Amino acid sequence: MTKTFKTLDDFLGTHFIYTYDNGWEYEWYAKNDHTVDYRIHGGMVAGRWVTDQEANIVMLVPGIYKVAWTEPTGTDVALDFVPNEGKLNGTIFFPKWVQDHPEITVTYQNEHIDVMEAAREKYATYPKLVVPEFAKITYMGDAGQNNEDVISEAPYPSLPDDIRAGKYFDANYKRINK
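Residues numbered from 1 in each chain as written. Predicted model: local features only at pLDDT ≥ 70, side-chain atom pairs only at ≥ 80, totals over all residues. Heavy atoms only, no water.

Things to note about the environment of lysine 128
And step 1. Secondary-structure assignment places lysine 128 in the loop between α3 (113-122) and β9 (129-142).
And step 2. Those residues in contact with lysine 128 that sit more than four places away from it in its chain are Gly74, Asp76, Phe93, Phe94 and Pro95.
And step 3. Looking at lysine 128, its side chain comes within polar contact range of the main-chain oxygen of glycine 74, at 3.0 Å.
And step 4. Polar side-chain contacts of lysine 128 include one of 2.8 Å to the side chain of aspartate 76. (Helix = DSSP H or I, 4+ residues; strand = E, 2+ residues; numbered from the N terminus. Contact = heavy atoms within 4.5 Å. Polar contact = N/O pair within 3.5 Å; in protein donor to acceptor, adjacent residues only side chain to side chain.)

Below is the structure:
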C-alpha cells in the first residue's frame, strides 16, 4: 500500500503488521474510530488475539496517531503510529499477573473475558511490567473500516508472511481461505 497519511480517515480502516525492536511481532487493525482488532505473533503473549477492543483513537498532528486502551486483563496499551515513516512507538503496561502467567491470556480473549477478569482479581496486578519499544511497520493494507475478515482467526506461524506475500486476502481484502 502506498498512501500518504494526513487525516484520521486515512488511518481508520488500515491494517498493520509491525515488529518491535525487541523482536515481538504484532498485527493490528484500526477497525473504526473507537475499535481495534489485533493478533500477537511474537513475544510474551504470542498466540493471543482480540476483536472489538474499545480504544481511544486520535490524530495528534497530520499523519501521526495515538491509540490507547485498557484490556480486561488490566493491561494498558498506548501506541503512537507514524505510518508515513513506517514506524511506531508502543508502550505496554502488563499487570504483574500477566508477567507471571502469560499463558492465561494466550487465547481468543473475546470468548474468555470471564477468565481474564477472574485472573485479574486472583493474582497481583502490581508492579506493572512496562515495555516501551519502537517498532518498524512491515505491512500496511487498506482493509476499509469494519471489515470482519481482517482479524478473524487465531494466529499461526506463517500468517504475517502469508499476508505480506499477498496469500491471505483477495483484491477486496477478504480472506482467501475461510
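Describing the packing of aromatic side chains
And step 1. Counting across every chain of the model gives 18 aromatic pairs.
And step 2. Here the aromatic rings of phenylalanine 16 and tryptophan 28 are separated by 6.1 Å at their centres, their planes lie at 45°, and the arrangement is tilted. With a gap of twelve residues between them, phenylalanine 16 in strand β1 (residues 14-20) and tryptophan 28 in strand β2 (residues 25-32) connect regions that are remote in the sequence.
And step 3. With a relative accessible area of 0%, phenylalanine 16 lands in the buried category.
And step 4. Judged by relative accessible area, which is 1%, tryptophan 28 ranks as buried.
And step 5. With a centroid separation of 4.7 Å and an interplanar angle of 35°, the aromatic rings of tryptophan 28 and phenylalanine 81 are classed as tilted. Here the residue tryptophan 28 occupies a position in strand β2, and phenylalanine 81 occupies one in strand β7 (residues 76-82), the gap between them amounting to 53 residues. (Phe/Tyr/Trp six-rings, centres within 6.5 Å; stacked < 30°, edge-to-face > 60°. Buried < 20%, exposed > 50% of the residue type's maximum accessible area, 1.4 Å probe, protein only.)

Description of the nonpolar core
Nonpolar side chains in soluble globular proteins generally cluster together in the buried interior.
And step 1. Residues Phe11, Tyr18, Trp28 and Phe81 are the most contacted members of the largest nonpolar core, which totals 34 residues.
And step 2. Look past the residues within four positions of tryptophan 28 in its chain and what remains in contact with it is Phe11, Thr14, His15, Phe16, Tyr18, Val36, Asp37, Tyr38, Val67, Trp69, Leu79 and Phe81.
And step 3. In this structure, Val150, Ile151, Tyr168 and Tyr173 belong to the second largest nonpolar core, which totals 13 residues. (Core = buried A, V, L, I, M, F, W, Y, C linked by side-chain atoms within 4.5 Å.)

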